[in-house]
2 protein chains.
Amino acid sequence: MRIAVQAETDPHESRVAATPETVKTFIGLGAEVAVETGAGRKSAIADDAYAAAGATIAPTAAAAAAGADVVLRVRRPAAAELAGVKPGAVVLAILDPYENLAALQSLAGAGVSAFAMELIPRITRAQSMDVLSSQANLAGYRAVIDAAASYDRAIPMMTTAAGSIQPARIFIMGVGVAGLQAIATARRIGGLVTATDVRPATKEQVLSLGAKFIAVEDEEFAAAETAAGYAKPMSPEYQAKQAELTASHIAKQDIVITTALIPGRKAPVLITAEMVASMQRGSIIIDLAVERGGNCELSRPGETVISDNGVKITGNLNVPGRVPASASALYARNLVNFLKPLIDKETHELAIDWDDEIIKATALTRDGALPHPNFQAPAPEP
Amino acid sequence: MRIAVQAETDPHESRVAATPETVKTFIGLGAEVAVETGAGRKSAIADDAYAAAGATIAPTAAAAAAGADVVLRVRRPAAAELAGVKPGAVVLAILDPYENLAALQSLAGAGVSAFAMELIPRITRAQSMDVLSSQANLAGYRAVIDAAASYDRAIPMMTTAAGSIQPARIFIMGVGVAGLQAIATARRIGGLVTATDVRPATKEQVLSLGAKFIAVEDEEFAAAETAAGYAKPMSPEYQAKQAELTASHIAKQDIVITTALIPGRKAPVLITAEMVASMQRGSIIIDLAVERGGNCELSRPGETVISDNGVKITGNLNVPGRVPASASALYARNLVNFLKPLIDKETHELAIDWDDEIIKATALTRDGALPHPNFQAPAPEP
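Attention in this report is confined to the structure presented alongside it. (Residues numbered from 1 in each chain as written. Chains lettered and ligands numbered in written order. Predicted model: local features only at pLDDT ≥ 70, side-chain atom pairs only at ≥ 80, totals over all residues. Heavy atoms only, no water.)

Turning to the overall build of chain A, a few remarks are in order. A count of helices and strands for chain A gives 12 helices and 15 strands. A compact globule built from 382 residues should have a C-alpha radius of gyration of about 21 Å, and chain A, at 22 Å, falls within 12% of that. Dimensions of chain A along its principal axes, counting C-alpha atoms only, are 65 × 50 × 35 Å. Counting only residues that meet the buried cut, chain A has 55% of its 382 residues in that class. Within chain A, contacts between residues at least 6 apart in sequence are counted, and of these 65% link residues at least 24 apart. A total of about 15,300 Å² of accessible surface is found on chain A, and carbon and sulfur atoms cover 53% of it. Each charge class in chain A was averaged separately, 34 positive and 41 negative side chains, and the resulting centres sit 5 Å apart. (Helix = DSSP H or I, 4+ residues; strand = E, 2+ residues; numbered from the N terminus. Rg over C-alpha atoms; globule rule 2.2 N^0.38 Å. Buried < 20%, exposed > 50% of the residue type's maximum accessible area, 1.4 Å probe, protein only. Contact = heavy atoms within 4.5 Å. Areas by Shrake-Rupley, 256 points an atom, 1.4 Å probe, with all protein chains shown as cover. Lys, Arg positive; Asp, Glu negative; His and termini not counted. Charge placed at Lys NZ, Arg CZ, Asp CG, Glu CD.)

Now the structure itself:
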């Protein structure tokens, strides 16, 4: 079995889909691994390190792909980049399928079986494959580091001979994996941390990390979590009450980090232009939802906007890619954990159980077709 | 008594010498305060905030200076910027006197009494005026934030469903005020922290912050601290032994922060090009001594150099100015604490005791002359 690791073609993508550690694992499973030259450069992994782990270094993406049974990528490759792979080759990547049906059809036309790593179901057996969690965890960490680097004050309380500096008030909106890590990191650095979420189960998590929970806790709130553990859209009435509470709270914050996402939908607007106008000069908003439209009305993808009253609103793209070596290390392990059960221990060849829950949830192309019920036609509202 | 707060003219200076808090204090002491418009802009302080504290906003530096008894600055002003002040007016600033005798003579010629805030003696009574300490504290904090922002991995150990990420190994060289805060901050964020210094008394401080102490602990080391608490130059033999220990330690570090300064001298080179070459790709060096020549052979003032083996060496200038609002807040309080004892409680006018230890240590110009023994002629080697 031959595994290809190609360099990412998106210039903004700093991650890579395999590390020397995972190359070694694949070779231990009986595979050959070809890594495109320079694939690890932005994650501080030299070609030599892959070679030392047993990979061959391919001079081009095409050379890496030639004869491959499996292609590992971070982002969805173009069909043309997969020319030369074996018929039915497996492609593992973050496929970003919503509203990208044409790209999926093109992958199907290339004859590959493409699996969307971000659709790994949230079941115990699949936790170690969950790229959304591994990457969101790092995004939450990095959001706080970015806030600290952008903030014109020190975050912790400092007691000096010239008197004290007050700690920064840091508000985390949305307490998923990213939000929890943001809370933990902000607390570590010494911030005064509060957090909010529409899912009642998050309250205890927030308290257990030593932060304060801020939410309108009515009946709708008590019933607000979906079975999959995601937030569901709230009623306009609840949103109004929550927005009022949030508005008065935000006016007193130095740093706000927003992480609220609803899968397959535009991110909810949690911070209006009016709320930004109520904040102190020099305050910081880090919008982790900017790739999905943003949680702040003023955020712009890939930009730092400064409001009229001097609030900095940062909308970095690909925040996990801002700690690329760690993000690649965890993503690459997620791929190992996904791929390992698909390899027959005797023959060392792929043996995919197409009825497996994880396979059904992630397989978006197979035998020239689109087997997944959610990605048959232009992406439906879930 | 009239106090002028001018905007800094150095475009790289983000701090300001007064805040609304200190303006209020001066007014409470019976002074009038004129603040040049825009003086606080880079420290997130609007003119309105100064006005609300009771200051008048002056349209130009000259208008602020007109008739002033006291001029507050962060950096040494040019004599021309002080035109219009009262004869014998007091100027408080970081005067940077070493090798800048001509500038001091020019200030003396302007008829002002200029006090060098960085020469505040290290005595108990003067601690609250000590700008070196207040600013170094923030530099130590910011160095770690800059390292975290520049590092392509997460700093803390992270235990995830896809396995663990190891914590960053962080080495602090030089355990003065900046080094101690760097240790504390690096520990907070979750790094595995070691530190070194040639002064034996620092060992306990390092241990008390939960970090490990790394040094050749011989007889010379045991006798190495000066009365003023600064490091003194070590013998070539000691330096060689320490360099050997340091070299083997640095090769294993992910982040190195250097803070070693000797007052009035070039900073010692602690990290040679060979040591940099021994480090892992993606490692970080933050050189806080770069304005004094640098502790790392490869660092360049104001630049981030990337070595052939992929080590990033950052030599930011004015690191306290990278957290300008906090740095200004503490610096401004230092000035209040210095100036307050010089104001007669009855008359609300300046009444300087020229025999006071703090005054003698800091007064560099008076009545057209240079009274300080160390700054009489081209700066001598101390």
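Now, onward.
Attention now moves to the relation of the copies chain B and chain A. Superposition record for chain B on chain A: RMSD 0.0 Å, screw rotation 180 degrees, translation along axis 0.0 Å. Taken together, the rotation angle and the small translation identify this as a two-fold axis. Of all interface residues in chain B, 100% are interface residues in chain A too; the two copies therefore contact each other through one and the same surface. (Least-squares fit on C-alpha atoms with pLDDT ≥ 70 in both.)

Quick look at helix α11 (residues 324-339) of chain A now. Between its first and last C-alpha atoms α11(A) spans 22 Å; for 16 residues at 1.5 Å apiece the expected length is 22 Å, and the two agree. Of all 16 residues in α11(A), 15 are buried; the element is thus mostly enclosed. (Expected span 1.5 Å × (residues − 1).)

Residues and elements named next belong to chain B. Pairing within the open sheet is mixed, and its seven strands lie in the order β11-β10-β9-β12-β13-β15-β14. In this open sheet, the two edge strands, each paired with only one partner strand, are β11 (212-213) and β14 (304-306). Inspection of the sheet shows strand β12 (residues 255-258) paired to strand β13 (residues 284-287) by four bridges, in the parallel sense. Across the sheet, the residue bridging to T258 is D287, located in β13. Running at roughly 155 degrees to strand β9 (residues 169-173), helix α9 (residues 236-250) makes contact with β9 and β10 (192-196) of the sheet. (Pairing = 2+ DSSP bridges. Axes fitted to C-alpha atoms, helices over the stretch in contact; angles between N-to-C directions.)

What follows deals with the interface of chain B and chain A. It is common to give the size of an interface as the accessible area lost on bringing the parts into contact. Contacts between the two partners involve 42 residues from chain B, matched on the other side by 42 residues from chain A. Buried area between chain B and chain A, both sides added, is near 3,400 Å², and the carbon and sulfur share of it is 59%. Where chain B touches chain A, the interface holds zero salt bridges. Taken together, the connections running from chain B to chain A amount to 16 residue pairs in polar contact (both at pLDDT 80 or more). (Buried area = accessible area lost by both parts, 1.4 Å probe. Salt bridge = Lys/Arg side-chain N within 4 Å of Asp/Glu carboxyl O. Polar contact = N/O pair within 3.5 Å; in protein donor to acceptor, adjacent residues only side chain to side chain.)

This next bit is on the pairing of strand β12 (residues 255-258) of chain A. Covered by surrounding structure in β12(A) are I255(A) and I257(A) together with V256(A) and T258(A), the residues of both alternating faces. With helix α10 (residues 273-278) of chain A bridging β12(A) and its parallel neighbour strand β13 (residues 284-287) of chain A, the resulting β-α-β unit is right-handed. (Right-handed = clockwise from strand over helix to strand, strands pointing away.)

The next point concerns the environment of K345(B). Residues and elements named next belong to chain B. Tracing the backbone shows K345 in the loop between α11 (324-339) and α12 (357-362). Judged by its relative accessible area of 72%, K345 falls in the exposed class. Along the chain, K345 and L29 lie 316 residues apart, while their C-alpha atoms are 7.8 Å from each other.

Right, let's get into helix α1 (residues 20-28) of chain B. All names here are of chain B. What α1 keeps buried is the set T22, V23 and F26. The buried side chains of α1 occupy one side of the element, clustering within an arc of 105 degrees when seen end-on. For α1, exposure combined with an orientation more than 90 degrees from the buried face picks out K24 and G28. Lining the buried residues of α1 we find β1 (2-5), β2 (32-36), α2 (47-52), β4 (70-75) and α11. Positive backbone phi, approximately 95 degrees, marks G30, located one or two places after α1. (Arc of directions from axis to C-beta.)

Below, the discussion takes up the nonpolar core. Y141(A), I155(A), I255(A), Y141(B), I155(B) and I255(B) are the most contacted members of the largest nonpolar core, which totals 88 residues. For I255(A), the contacting residues outside a window of four places in its chain are A147(A), Y151(A), I155(A), A168(A), R169(A), I170(A), F171(A) and I284(A). (Core = buried A, V, L, I, M, F, W, Y, C linked by side-chain atoms within 4.5 Å.)

This part covers the pairing of strand β6 (residues 113-116) of chain A. Residues and elements named next belong to chain A. Side chains of β6 alternate between two faces, with S113 and F115 and A114 and A116 buried alike. Here strand β5 (residues 90-94) pairs with β6 via four bridges, running parallel. Along β6, the bridge assignment pairs A93 with A116. Between the parallel elements β5 and β6, the chain passes through helix α4 (residues 101-109) in a crossover that is right-handed.

All names here are of chain A. Following both chains from N to C, one finds helix α1 (residues 20-28) and α11 inclined at 15 degrees, their axes separated by 9 Å at the closest point. By the angle class used here, α1 and α11 are roughly parallel. The hand of the α1/α11 crossing is left-handed. Across the interface between the two elements, E21, T22, T25 and F26 of α1 pack against A332, R333, V336 and L339 of α11. (Parallel < 35°, antiparallel > 145°, perpendicular 65-115°, else oblique. Left-handed = near helix turned anticlockwise from the far one by under 90°.)

On to the pattern of salt bridges, then. All names here are of chain A. As enumerated under the stated definition, the model contains 34 salt bridges over all chains in all. With its nearest N and O atoms 2.9 Å apart, the salt bridge here joins E81 to R73. For the pair E81 and R73, one class covers both residues: buried. Salt-bridge contacts for K241 lead to D218; the nearest nitrogen and oxygen are separated by 2.8 Å. Within this pair, whereas K241 is found in helix α9 (residues 236-250), its partner D218 is found in the loop between β11 (212-213) and α8 (219-222), the two being separated by 23 residues in sequence. What emerges from the salt-bridge pattern is a single network uniting D10, E13, R15 and R75.

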